[in-house]
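Working through the structure, step by step
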Amino acid sequence: MADETENDDNLVPANDRIIPISIEEEMKSAYIDYSMSVIVSRALPDVRDGLKPVHRRVLYGMLDLGVTSGKPYKKSARIVGDVLGKYHPHGDSSVYDTMVRMAQEWSLRYPLVDGQGNFGSVDGDSPAAMRYTEARLKRIAEEMLADINKDTIDYQLNFDDSLQEPTVLPTKIPNLLVNGASGIAVGMATNMAPHNLSEVIDGTVAYIENREITVAELMQHIKAPDFPTGGVIYGYSGVQDAFETGRGRVVMRAKAEIEVAKNDKETIVVTEIPYQVNKADMIKRTADLVNEKKIEGIAAIRDESDREGMRIVYDIKRDANASIVLNNLFKHTALQTSFSVNNIALVHGRPMLLNLKDMIHHFVEHRHEVIVRRTKFELAEAEKRAHILEGLLIALDHLDEVIQLIRSSDTPEDARIGLMEKFGLSDLQARAILDMTLRRLTGLERDKIKEEYAELMKTIDYLKSILADEGLRMQIIKDELLEVKEKYGDERRSQIVHSAEDMRMEDFIDDEEIVITISHEGYVKRTPLTEYRIQARGGKGSLGSTTKEEDFTEHIITASAHNYMLFFTEAGRCFWLRAFEIPEGTRTSRGRAIQNIVNIPKEEKIKAYIKVKNLKDQEYLENNFIIMCTKQGTIKKTSLEAYSRPRANGINAININEGDQLLEACLTDGNSEIVMALRSGRAIRFNESTVRPMGRTATGVRGVTLAGAQDEVVGMISVNSKEVTVLVVSENGYGKRTDLDDYRVTNRGGKGVKTLNVTEKTGQLVAIKDVTDNDDLMIINRSGIVIRIAVSKLRVMGRATQGVRLINLKETDQIASITKVEHEEEEEDSTNLDEGNLPNDAHDGEEA
């Protein structure tokens, strides 16, 4: 006792001694252990099979249970219980949620589990409890588990060391790329996009054929992610970054169409939404924004989705522009969202950032290892079987001696040793001979053994050749991948649209010749010129469109897909559209209203459509001009260069004074002659060179002096050909053609010369056009009647005459406007109107 009191240390038993530890150090090491466990065993996928441990355990557990694609479904609770009890000692919800996600076709591009029952919805509805649902493996998941029993992969002990579980699956499918992955670890996260199986396999095959292939070359096969919900990938730069570096931002948009009903009511119809967007939440959020007046122009939102597919309808108010509303929806709601790619996966147990080529490389390496191990396993099995067959063949060759030896042996053990000693057999061979049934001794069975042995020797040679030749192994990988593509490959769902930021959009579009058709009411479409030529032979009215009753084709412009269209409105604004952005239509379709494609306010009428070849060629821009004239007689000339930088909301093309508006705009090369006509019946002709070029915001200079307060300009033409004649038309139906030379060239700004003898009978001037015999006139009356006349029927006459009566008008009717269109032979007699509206037979008319 005295010893114990003298030495305090002896009071505490040795195994209970307290070791002082720095709390800081302990926290550090404990947290690092925890974080490594999360990174390696929970949150990040393996680069080889693209699975996290829980996914791998669910698939392996289902294989273990035997719920393969050809077997009946089993209750989800049974599967979950099995996985929990054997491999995954965590909450049941973690296993069930994993299995549910692998069965949802809107979550995985290629689902791995075949679910029966309520597995949730794209609206975020929860799946039914696991006691109600059933599941089994999909066929594609079996491809991930194929050859798992052929020693192709390493196993590890499960949580209680009672069973073996796979560390990776021997997958034939590049699952990491095909289905993507997402997970949040400690200090890092992963977010990988799904891709199209056919494209990924094409890319992998290209990599096998050329190991030096660049990411850019791989992208010719694997074009972009391919999301299960479809939608539109908007812009390519983010995709490029993700493929090249492993990080990037992919912008996704819903697939939306603007539909026009018979009553001209517009609706936006969405049929596909971006990946991982909750449809119900998105609709609710949009409705809130409409109620808060943050999004204008929507009258109602309806979800018309059913088992046929998704359909969300946005009714647009009458005074709203559907294109602008759609752009606002993209801006403020989940109709446009982004997917931030962050390709972090475990490579040999360590997290790494991977680009497209890295992921393909690691998959191919894994497949190569699987094939080597599979071949070695099959070779060992074949050699084992061959060894036994060799023993059987020896026994059959010495059948009588073998039977004699066996009969004379006291015990099976003596017989076994006797056989081994007498014939030099191994233990295995001797046991196989003793296990032989008597029927194997018949001649037929003996032949079968010989055949089997011969086949086995061929197999062994083939398997050895695989192990000796890497090229052959790579060929096997390719063949198996192409077989998978044949079975499970499909079309891509997500469309790729190049955004304005990409700028070089034309690189992706063929520069084909097209025909742009614009109707009088402002409907536009483009048609390939090839189709036009084939169709245009069809006879009467072949160039027509199915427009509204009172509508007709006003402009037919031949262009190339890379050309620009410039639109000038009466308010003096200029808008742009690339020719390939005009919606394609058939020869007879109506087209789309321009206001639905370009952000032109509905109240502004388009006065001029100009085709421009290129906005990048500096020489072309500097040597071409836009000439504009206004109703008050102002004329302005500006270099085309001023209109070469497109903006989504248009630009001011000319400064318009109060009470004035833009009337005409045309493209010139600087050497044209301009003719402007007034309501009072006068016209002025001057050289374009007398108008100096000025800036975009200038008002312009005086082109012609008006005859009084009621006078105004009715039109302007730009002429640089002597073949053209000048046609003027008055409001009461009189008109005439005159040679250009009848109008003497004067300085701009003058009063001009008489172009038509205006009387009470003729009424004032309404239009001036430059025409040839190859043109037709479309005359639109205020009453809405449209009449077509061939210009070739009008003879050329003097400048100061009254002209001829073009049409007989009813007493109160007047001509509203005149449009020049291409002549159509078949149409010349087809103005199917009553006698009172037909052109006069006496084309000489009444001359003053």
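Residues numbered from 1 in each chain as written. Predicted model: local features only at pLDDT ≥ 70, side-chain atom pairs only at ≥ 80, totals over all residues. Heavy atoms only, no water.

An unreviewed UniProt entry annotates the protein as DNA gyrase subunit A of Olivibacter ginsenosidimutans. Check the Subcellular location (unreviewed entry) section of the UniProt entry for the protein; it says "Cytoplasm". What UniProt records for the protein under Subunit (unreviewed entry) is the sentence "Heterotetramer, composed of two GyrA and two GyrB chains. In the heterotetramer, GyrA contains the active site tyrosine that forms a transient covalent intermediate with DNA, while GyrB binds cofactors and catalyzes ATP hydrolysis." (UniProt positions renumbered as here; feature names shortened; annotations may be inferred.)

Before going further, it helps to spend a moment on helix 15 (residues 412-423). The periodicity of an α-helix, 3.6 residues per turn, causes residues three or four positions apart to be oriented the same way. Spanning twelve residues, helix 15 covers 16 Å between terminal C-alpha atoms, matching the ideal 16 Å at 1.5 Å per step. When we look at burial in helix 15, the residues that qualify are Ala415, Arg416, Gly418, Leu419 and Phe423. For helix 15, the buried positions fall inside an angular range of 165° around the axis, keeping them on one side. Phi for Gly424, located one or two positions after helix 15, is positive at around 65°. (Helix = DSSP H or I, 4+ residues; strand = E, 2+ residues; numbered from the N terminus. Expected span 1.5 Å × (residues − 1). Buried < 20%, exposed > 50% of the residue type's maximum accessible area, 1.4 Å probe, protein only. Arc of directions from axis to C-beta.)

This part covers the UniProt feature "active site" (unreviewed entry) in the protein. UniProt annotation of "active site" (unreviewed entry) refers to Tyr132 when read in the numbering used here. Within the secondary structure, Tyr132 is located in the loop between strand 2 (113-116) and strand 3 (134-137). Residue Tyr132 is classed as exposed on the basis of its relative accessible area of 53%.

Moving on to the nonpolar core. Formed by 105 residues in total, the largest nonpolar core has its most connected members in Met62 and Leu197. Sort the elements by how many residues they give to this core and helix 13 (residues 356-397) lands first, with 15 residues. For Met62, the residues in contact, after removing those within four places along its chain, are Val67, Ile79, Met99, Val113, Ala135, Arg136 and Leu137. Among the nonpolar cores identified, the runner-up in size contains 25 residues, and Val270, Ile283, Ala320 and Val325 belong to it. (Core = buried A, V, L, I, M, F, W, Y, C linked by side-chain atoms within 4.5 Å. Contact = heavy atoms within 4.5 Å.)

Attention now moves to the side chain of His362. Tracing the sequence through the fold places His362 in helix 13. Given the relative accessible area of 16%, His362 is considered buried. If near-sequence neighbours (up to four positions away) are discounted, His362 is found in contact with Val47, Val347 and Leu354.

Before going further, it helps to spend a moment on helix 5 (residues 92-101). Of the positions making up helix 5, those classed as buried are Val95, Tyr96, Thr98, Met99 and Val100. Looking at the buried residues of helix 5, the elements they touch are helix 3 (53-65), helix 4 (76-86), strand 2 and strand 3.

Further remarks concern the packing of aromatic side chains. Counted under the stated rule, the structure contains eight aromatic pairs. Through a chain of ring-to-ring contacts, three or more aromatic side chains come together here, namely Tyr60, Tyr87 and Tyr155. Across from the ring centre of Tyr234, 3.7 Å away, lies the NZ or CZ of Arg253, which sits over that ring. The cationic tip of Arg253 hangs over the ring face of Phe330; the distance from NZ or CZ to the ring centre is 3.9 Å. (Phe/Tyr/Trp six-rings, centres within 6.5 Å; stacked < 30°, edge-to-face > 60°. Lys NZ or Arg CZ within 6 Å of the ring centre and 35° of its normal.)

On to the side chain of Asn624, then. You can see Asn624 is positioned in the loop between helix 20 (618-622) and strand 25 (625-630). In this structure Asn624 comes out as buried when scored by relative accessible area, which is 13%. Within polar-contact distance, the side chain of Asn624 engages the backbone oxygen of Tyr620 at 3.0 Å. Non-local contacts of Asn624, meaning those with residues more than four positions away in its chain, are made with Ser639, Leu640, Leu667, Thr668 and Asp669. (Polar contact = N/O pair within 3.5 Å; in protein donor to acceptor, adjacent residues only side chain to side chain.)

Before going further, it helps to examine the packing of helix 3 against helix 5. Remark: helix 3 packs on helix 5, axes separated minimally by 10 Å, with the N-to-C direction vectors making an angle of 80°. Relative to helix 5, the element helix 3 is oriented roughly perpendicular. Here Val54, His55, Val58 and Met62 of helix 3 lie close against helix 5, whose contacting residues are Ser94, Val95, Thr98 and Met99. Classifying every residue of the contact of helix 3 with helix 5 by side-chain character gives five nonpolar, three polar and no charged. (Axes fitted to C-alpha atoms, helices over the stretch in contact; angles between N-to-C directions. Parallel < 35°, antiparallel > 145°, perpendicular 65-115°, else oblique. Nonpolar A, V, L, I, M, F, W, Y, C, P; charged D, E, K, R; others polar.)

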